[in-house]
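So the chains spell out like this:
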Amino acid sequence: MQTQHPIIIGHRGAAGEAPENTLASFALALEQGAQGIELDVHLTKDGEIVVCHDPSVDRTTNGSGLIMNQSWGDLKALDAGLWFSEAYTGERIPLLREVFELVPRGLLINVEVKHAYEGRMEKVLLAFLRESGRLADVVISSFDHKVIQRLKQQEPEAKVGLLYAANLINHAAYAKQLGVDVHSLHPYHHGIEHEDVAAANAAGLATYPYTVNEIADYKRLIACGVTGIITDYPARLKSLLQAQ
Ligand code: G3P
Ligand code: CA
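Note that the coordinates shown come from a computational prediction; the quantities given were computed from them, not determined experimentally. Numbers given to residues run from 1 along each chain, matching the order in which its sequence is written. Whichever chain is written first becomes A and whichever ligand is written first becomes 1, with later ones labelled in order. In keeping with the predicted nature of the model, local features appear solely for residues at pLDDT of at least 70, side-chain atom pairs appear and are counted solely at 80 or more, and the whole-chain, interface and lining totals rest on all residues.

(A) Region of interest: the overall build of the chain. Scanning the chain from terminus to terminus reveals nine helices and nine strands. For the C-alpha atoms alone, the extent of the chain along its principal axes is close to 55 × 40 × 30 Å. The contact criterion used here is simple: two residues whose C-beta atoms, placed from the backbone, lie within 7 Å are in contact. Intrachain contacts of the chain at a sequence separation of at least 6 include 56% that bridge at least 24 residues. Helix and strand definitions here come from DSSP, where helices need a minimum of 4 consecutive H or I residues and strands a minimum of 2 consecutive E residues; each element is numbered from the N-terminal end.

(B) The environment of Phe 26, seen in detail. By the secondary structure assignment, Phe 26 is in helix α1 (residues 23-31). A count of 27 C-beta atoms within 10 Å places Phe 26 in the buried class. Three exposure classes are used. Buried residues have 20 or more other C-beta atoms within 10 Å of their own C-beta, exposed residues have 12 or fewer, and partly exposed residues fall in between, all C-beta atoms being placed from the backbone.

(C) How the structure looks around the pairing of strand β9 (residues 228-231). Burial along β9 is two-sided: the residues Gly 228 and Ile 230 and Ile 229 and Thr 231 are all buried. A pair of strands is considered paired only if DSSP assigns at least 2 bridges between the two. Pairing geometry for strand β1 (residues 7-11) and β9, over four bridges, is parallel. Bridge pairing in β9 places Ile 9 opposite Ile 230.

(D) How the structure looks around helix α4 (residues 120-132). Given the number of residues in a helix, its expected span is that number minus one, multiplied by 1.5 Å. With 13 residues, α4 ought to run about 18 Å at 1.5 Å a step, and its terminal C-alpha atoms sit 18 Å apart, in line with that. Against β2 (36-43), β3 (49-51), β4 (108-113), β5 (138-142) and α5 (145-154) lie the buried residues of α4. One or two positions beyond α4, positive phi appears at Gly 133, with a value near 70°.

(E) Focus on the confidence of the model for the chain. A score from 0 to 100, pLDDT tells how confident the predictor is in each residue. With 99% of its residues at a pLDDT of 70 or more, the chain has an overall mean of 97. Predicted complex metrics record ipTM = 0.99 and pTM = 0.98.

(F) Local environment of the site of ligand 1. Using a C-beta atom placed from the backbone, a residue is scored as near a molecule or strand whenever that atom is within 6 Å of it. The local shell around ligand 1 consists of His 11, Glu 38, Asp 40, His 53, Glu 112, Ser 141, Leu 163, His 186, Tyr 210, Thr 211 and Ile 230. Only Asp, Glu, Lys and Arg are considered charged in this grouping, and only Ala, Val, Leu, Ile, Met, Phe, Trp, Tyr, Cys and Pro are considered nonpolar; every other residue, Gly among them, is considered polar. Residues belonging to the shell around ligand 1 are distributed by class as follows: three nonpolar, five polar and three charged.

(G) Here's a closer look at the pairing of β5. Burial of β5 is extensive: four of the five residues sit out of reach of the surface. By the bridge criterion, four bridges tie β4 to β5 in an arrangement that is parallel. The partner of Val 111 across the bridge, within β5, is Ile 140. Handedness rule for crossovers: strands pointing away from the viewer, path from the first strand over the helix to the second running clockwise, crossover right-handed. Remark: the β4/α4/β5 crossover connection has right-handed handedness. Across four bridges, the pairing between β5 and strand β6 (residues 159-164) is parallel. Looking at β6, one finds that Val 139 is bridged to Lys 159. Since β5 and β6 lie parallel, the crossover through α5 that links them has a hand, and here it is right-handed.

(H) Summary view of the environment of Ala 203. Tracing the sequence through the fold places Ala 203 in the loop between α7 (194-202) and β8 (206-207). Distance in space between the C-alpha atoms of Ala 203 and Asp 79 is 44 Å, their sequence separation being 124 residues.

Okay, structure coming up:
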């Protein structure tokens with residue numbers, strides 16, 4: 001039986017080959033054929049949405065401290081490329097708006113909310129997405145499922161996805177008990193089996209397992225029929241799909 005090809009979603013851009021969550025990383029993912037990107041967001045002291053995985057800038061920049069204690073003016077002066085390679089010196093932590101300007105309309109942008117900031121993130125993010133006119137391109141995911149529930153309650157047009165590492169017995173049933181219309185499941189890829197994907201499909205849920213980097217795992221998930229694969233190596237997945 002011919003299975004549908006999953007879409008390629010570049011994790012933090014092309015985080016295996018470029019400094020994660022930078023414009024260079026997102027540009028590389030798109031060049032390599034990704035049809036979507038995944039990114040992580042935090043809120044600055046002055047209410048800007050910035051793209052960074054950790055709550056602090058210590059690991060991925062030449063600065064230090066929590067994002068929530070710094071203004072956008074402070075953060076934009078930091079180098080977010082040098083830690084990865086000298087070739088990326090000068091890359092910055094991007095604003096979410098800058099990533100939206102880079103990614104062509106129609107491609108998937110998976111925005112992962114890392115922290116609720118006492119409900120402020122939901123308000124600021126939804127205001128931004130409404131103004132962008134790109135709600136249809138965006139899937140908002142989070143490990144915090146109360147955030148997902150509240151986002152959907154506040155904006156019924158938002159597409160929301162459940163992110164989790166647990167090997168659930170019944171993924172679709174878990175999504176249903178949230179009481180809001182969930183768009184997609186974003187499970188850790190290891191335990192995913194064909195029957196999980198079939199049940200999700202039957203419940204109208206898309207499936208975007210993370211973070212998949214090995215050829216054997218790509219093949220297993222393609223055979224399961226997942227909707228998309230979140231990967232640090234878009235080019236690697238693209239060549240496998242082209243060979244199939
Ligand atoms: O969204 C999928 C994946 O990015 C979740 O884990 O730690 O890479 O943000 P993490
Ligand atoms: Ca993430």
